[in-house]
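Structural features, examined
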Amino acid sequence: MALELKPIADENLEAFFELINDESIAVMAGTVPHPVTFEWAKERILKRRVQEAEGTLAQRGLFEDGVLVGDASYFFSDGKVEIGYSISKNHRGRGLATEACRLAVELVRQHGITGPIHAGYAQDNPASGRVLEKVGFVPNGEAVGKSLGRSADMPLFKVIYRDDVRLRPHQAADFETLVTFVDDEEAFFLAGGGTRDTSAPAMQARIEAYITKDARFAVVLYEGAVAGYVAAFEREGMLEVSYWIGRDFWGKGIASRALGLWVTERAKDSNELHARVAKDHTASIRVLEKNGFQVAGEDRYFSPHRNAEVDEWLYRLVI
């Protein structure tokens, strides 16, 4: 089963009409009446193409092995981004709704939209609630919406997807944000070591030079926003990890979760990982130990950021 989201092209319009002209979808939606005509379905897709160009929403077909089996979309309501999805009645009961919901979340993030993601489902549709829960949405109150399919108000449960942490390869624009994070006296004092770049281009050039020498580097995203980075490099034949989270994102557990993702994704690179941390940097020590790193030794070095000798713990994680 190969699932993908892609734009609904002209050649998919007949299949989209068959999908949307379904009373069981209409009564759970807000803006879909029943029945609809082929022209109504076509006009909906044409209008949504314009709206996507304007940046107000995006709709994609859910294709399984090239066959349209559902759709997923996001739109803005009262300044908040909200997702929706539907599955053809001939393809239900196989977990496709969960995949459509998950891919809708990914679509939001791929389009660079930051912040919490919202959704709502009819109170008489608990199956949709279970789908959203599986993807990570949590309760966020109740509301009443208009339903063209019911020709009446529709009581809703509202849910929200937030606090998501993910890693992705860097983009040039990321360094405009990352370089501001290292302009932080307290953070550098705690870290003890590290390079303090003075511009985004300088930081990008330095990181990409390390990557050409087999360093690993990933940007940390929190609710879609650049929050820091995780990296690893070879030191004395060992793979050593480091991380940096911007001050505005402190206190959310982002460093621990990002490092956990890094360990999971990079386990194939090495059967062990190493790290070092100043003995008085208790927050970073907690991050390492939460992820299973254990003290393997100690060292001392001169820190130009502290203008003093710094004692540090050496950590090791066997994967």
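1. Section: the overall build of the protein chain
Looking only at helices and strands, the protein chain has 10 helices and 14 strands in total. Expressed as lengths along the three principal axes of its C-alpha atoms, the size of the protein chain is roughly 75 × 35 × 35 Å. Taking the intrachain contacts of the protein chain between residues at least 6 apart in sequence as the baseline, contacts between residues at least 24 apart amount to 60%. Per element, the accessible surface of the protein chain, about 16300 Å² overall, is 50% carbon and sulfur. Averaging the locations of the 38 positively and 48 negatively charged side chains of the protein chain gives two centres separated by 2 Å.

2. Concerning the side chain of Ser-73
Tracing the chain through its elements places Ser-73 in strand 3 (residues 67-77). With near-sequence residues (within four places) excluded, Ser-73 lies in contact with Arg-48, Ala-58, Gln-59, Glu-82, Ile-83, Gly-84 and Ala-104.

3. A look at the nonpolar core
Among the nonpolar cores identified, the biggest contains 45 residues, and Leu-178, Val-220, Leu-259 and Phe-293 are the most heavily contacted of them. With residues up to four places along the chain from it excluded, the contact list for Val-220 reads Val-165, Arg-166, Leu-167, Ala-225, Val-226, Ala-227, Gly-228, Tyr-229, Val-230, Ile-245, Ile-254 and Ala-258. Counting 20 residues, the second largest nonpolar core, distinct from the first, contains Leu-107, Ile-113, Tyr-121 and Leu-132.

4. As for the pairing of strand 2 (residues 57-64)
Counting buried positions along strand 2 yields eight of eight residues, so the element is predominantly enclosed. Burial of strand 2 is two-sided: the residues Leu-57, Gln-59, Gly-61 and Phe-63 facing one way and the residues Ala-58, Arg-60, Leu-62 and Glu-64 facing the other way are all buried. Relative to strand 2, strand 1 (residues 3-6) runs antiparallel, the two being bridged by four bridges. Considered in strand 2, the bridge of Leu-3 is made with Glu-64.

5. Points about the packing of aromatic side chains
The description of an aromatic ring pair rests on the distance of the ring centres and on the angle between the ring planes. Taken as a whole and assessed by the stated rule, the structure comprises nine aromatic pairs. Taking 6.0 Å as the distance between ring centres and 80° as the angle between the ring planes, the aromatic pair formed by Phe-17 and Phe-38 counts as edge-to-face. In this pair, Phe-17 is assigned in helix 1 (residues 13-20) and Phe-38 in helix 3 (residues 38-54), connecting sequence segments 21 residues apart. Look at Tyr-222 and Phe-249: their rings are 6.0 Å apart centre to centre, the planes differ by 70°, and that puts the pair in the edge-to-face class. With a gap of 27 residues between them, Tyr-222 in strand 9 (residues 216-222) and Phe-249 in the loop between strand 11 (238-245) and helix 9 (254-266) connect regions that are remote in the sequence. Among the aromatic residues, those joined into a ring-pair cluster are Phe-175, Phe-217 and Tyr-229. A cation over an aromatic ring shows up here: Lys-6 above the ring of Phe-63, its NZ or CZ 4.6 Å from the ring centre.

6. A closer look at the confidence of the model for the protein chain
Confidence in the prediction for the protein chain averages 94 pLDDT; 99% of positions are at 70 or higher. For the protein chain, helix 7 (residues 185-191) is the element with the lowest average pLDDT, namely 83, and strand 5 (residues 117-122) is the one with the highest, namely 98.

7. With respect to the environment of Ser-77
Among the secondary structure elements, Ser-77 is positioned in strand 3. Spatially, the C-alpha atom of Ser-77 lies 9.3 Å from that of His-118, the residues being 41 residues apart in sequence.

8. Quick notes on unusual backbone geometry
Negative phi values dominate among residues other than glycine, just as trans dominates among peptide bonds. Residue Pro-35 follows His-34 across a cis peptide bond; omega there is -5°. Following the sequence through the fold, Pro-35 ends up in the loop between helix 2 (23-26) and helix 3. One non-glycine residue with positive phi stands out, namely Asp-163, at about 60°. Position of Asp-163 among the secondary structure elements: in the loop between strand 7 (152-161) and strand 8 (165-168). Despite not being glycine, Glu-236 has its phi angle at roughly 55°, a positive value.

Thresholds applied
- Residues numbered from 1 in each chain as written.
- Predicted model: local features only at pLDDT ≥ 70, side-chain atom pairs only at ≥ 80, totals over all residues.
- Heavy atoms only, no water.
- Helix = DSSP H or I, 4+ residues; strand = E, 2+ residues; numbered from the N terminus.
- Contact = heavy atoms within 4.5 Å.
- Areas by Shrake-Rupley, 256 points an atom, 1.4 Å probe, with all protein chains shown as cover.
- Lys, Arg positive; Asp, Glu negative; His and termini not counted.
- Charge placed at Lys NZ, Arg CZ, Asp CG, Glu CD.
- Core = buried A, V, L, I, M, F, W, Y, C linked by side-chain atoms within 4.5 Å.
- Buried < 20%, exposed > 50% of the residue type's maximum accessible area, 1.4 Å probe, protein only.
- Pairing = 2+ DSSP bridges.
- Phe/Tyr/Trp six-rings, centres within 6.5 Å; stacked < 30°, edge-to-face > 60°.
- Lys NZ or Arg CZ within 6 Å of the ring centre and 35° of its normal.
- pLDDT = per-residue confidence, 0-100.

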